[in-house]
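Below are the chains, spelled out letter by letter.
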Amino acid sequence: MSFSISTSAEVELIDITKQVSRQVQSSGVTDGLALIYVPHATAAILINEHEAGLITDMTEMVKTLVPRTGSYRHDRIDNNAAAHLASALLGCSLTMPVTSGQLERGTWQNIFLVELDGPRSHRTVIVKVIGR
């Protein structure tokens, strides 16, 4: 199962919790695991609180940890080394428990697609649910 997301900024966090939850519910699995994966080398997946200030802080953290204006060798090819490096730090997947047909997450935990090389018209998120 998968879905697509369009992004609108160079670095952006997009809450995809509802889309992932729908995929989990439609899988028919009641107890198991959900793998959430983004098949892109310049995007990431993470879990955190959906609060405007925190989202801005996380965006700024990415830009500070891996600034666009570094002396990156990869930039000689296509000028997006910072996006690749940030993706490597954040990771392209996560695994979550599924209990009673629902994602099991903490009160303040939401799932985010992290755009690191945007804007892009098509980012794919793959959700694989395994269990019984």
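Figured I'd write up the structure that's included with this text.

Rules used in this analysis
Residues numbered from 1 in each chain as written. Predicted model: local features only at pLDDT ≥ 70, side-chain atom pairs only at ≥ 80, totals over all residues. Heavy atoms only, no water. Helix = DSSP H or I, 4+ residues; strand = E, 2+ residues; numbered from the N terminus. Contact = heavy atoms within 4.5 Å. Pairing = 2+ DSSP bridges. Axes fitted to C-alpha atoms, helices over the stretch in contact; angles between N-to-C directions.

**Observations regarding the side chain of glutamine 23**
Looking at where glutamine 23 falls in the secondary structure, it is placed in helix α1 (residues 17-27). Sequence-distant contacts of glutamine 23, that is, excluding residues within four places in its chain, are made with Met1, Ser2, Phe3 and Val127.

**Remarks on the sheet that holds strand β7 (residues 110-115)**
With antiparallel pairing, the 3 strands of this open sheet are ordered in space as β2-β7-β4. Strands with a single pairing partner mark the edges of an open sheet, and in this sheet they are β2 (12-15) and β4 (43-48). The mean angle between the axes of side-by-side strands here comes to 30°, regardless of whether they run parallel or antiparallel. Here β4 pairs with β7 via 6 bridges, running antiparallel. Paired with isoleucine 47 across the two strands is isoleucine 111, which belongs to β7.

As far as function goes, none of this settles anything; it's purely spatial.
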